[in-house]
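# Observations on the model geometry
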Amino acid sequence: MPREGGNLTVYTRPLARLIEQLQRLPGVGPKTAQRLALHILKRSESEVQALAQAILEAKQQVGLCSVCFHLSAEPVCEICRSPNRDSHTICVVADSRDVIALEKTREYRGKYHVLGGLISPMDGIGPDQLNIAQLVRRVGKQEIKEVILAISPSVEGETTTLYIGQLLKPFTRVTRIAFGLPMGGDLEYADEVTLARALEGRRELD
């Protein structure tokens, strides 16, 4: 049974199950899970049903764009379909959360490519487990003038950046964003001004 503040706290079984499931969400500890669960119980049944339905529909309908691998409910995402985006520039990121962070800056108007993670031999993740081969094919088939590597500055991020850079340099210009972040900082947590400056200050990959 859940404990809070060192005292045994007894929940009725359905409430305990709800708290347990909420605790599985990233960044949600026991106290936050309890607060969310009690808030849900206070809402009307129609509101709770709408929340549950939204979760189910998102899980069932949202997949990956067949071109860039960003989250999408359509075979090709809105960014890839947009005629107003620069189709000659691709920004490479590790995760869809990074696309969302960069879009909030309103500075970048090109296309994206989501790797689906970073190269991490310690975790058994190599280039073949990521969307790297698909990126190389995109660059080879399309008239791409620049690939911007917007990958967080961690050990795994540096490994991934250098690996992709070596693959793409023979085909196009490859740059990396200029980070105002500490080593190990995540792109999604950077503020919009920092990200915008990082895009503006991008440099050629060594």
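Everything discussed here concerns the structure shown above.
Residues numbered from 1 in each chain as written. Predicted model: local features only at pLDDT ≥ 70, side-chain atom pairs only at ≥ 80, totals over all residues. Heavy atoms only, no water.

## Structural notes on the pattern of salt bridges
Put simply, the test is: Definition used for salt bridges: Asp or Glu carboxyl oxygen within 4 Å of a side-chain nitrogen of Lys or Arg. Only protein chains enter the accessibility calculation, which uses a 1.4 Å probe. A residue is then buried if its area is under 20% of the maximum for its type, exposed if over 50%, and partly exposed in between.
For the structure shown, the criterion picks out six salt bridges. Put simply, glutamate 20 and arginine 24 hold a salt bridge, and the shortest N to O gap is 3.7 Å. Its relative accessible area of 44% is what places glutamate 20 among the partly exposed residues. Linking arginine 97 and aspartate 95 is a salt bridge whose minimum nitrogen-to-oxygen distance equals 3.0 Å.

## Things to note about unusual backbone geometry
Put simply, the test is: Secondary structure elements are taken from DSSP: a helix is a run of H or I of four residues or more, a strand is a run of E of two residues or more, and numbering for both begins at the N terminus.
Of note in this structure, phenylalanine 69 is not a glycine but carries a positive phi near 70°. Within the secondary structure, phenylalanine 69 sits in the loop between β3 (63-64) and β4 (71-72). Phi angles above zero are rare outside glycine, and arginine 106 is one such case at about 60°. With respect to the helices, strands and loops of the structure, arginine 106 is situated in the loop between α5 (96-105) and β6 (110-114). On the accessibility criterion, arginine 106 (72% relative accessible area) is exposed.

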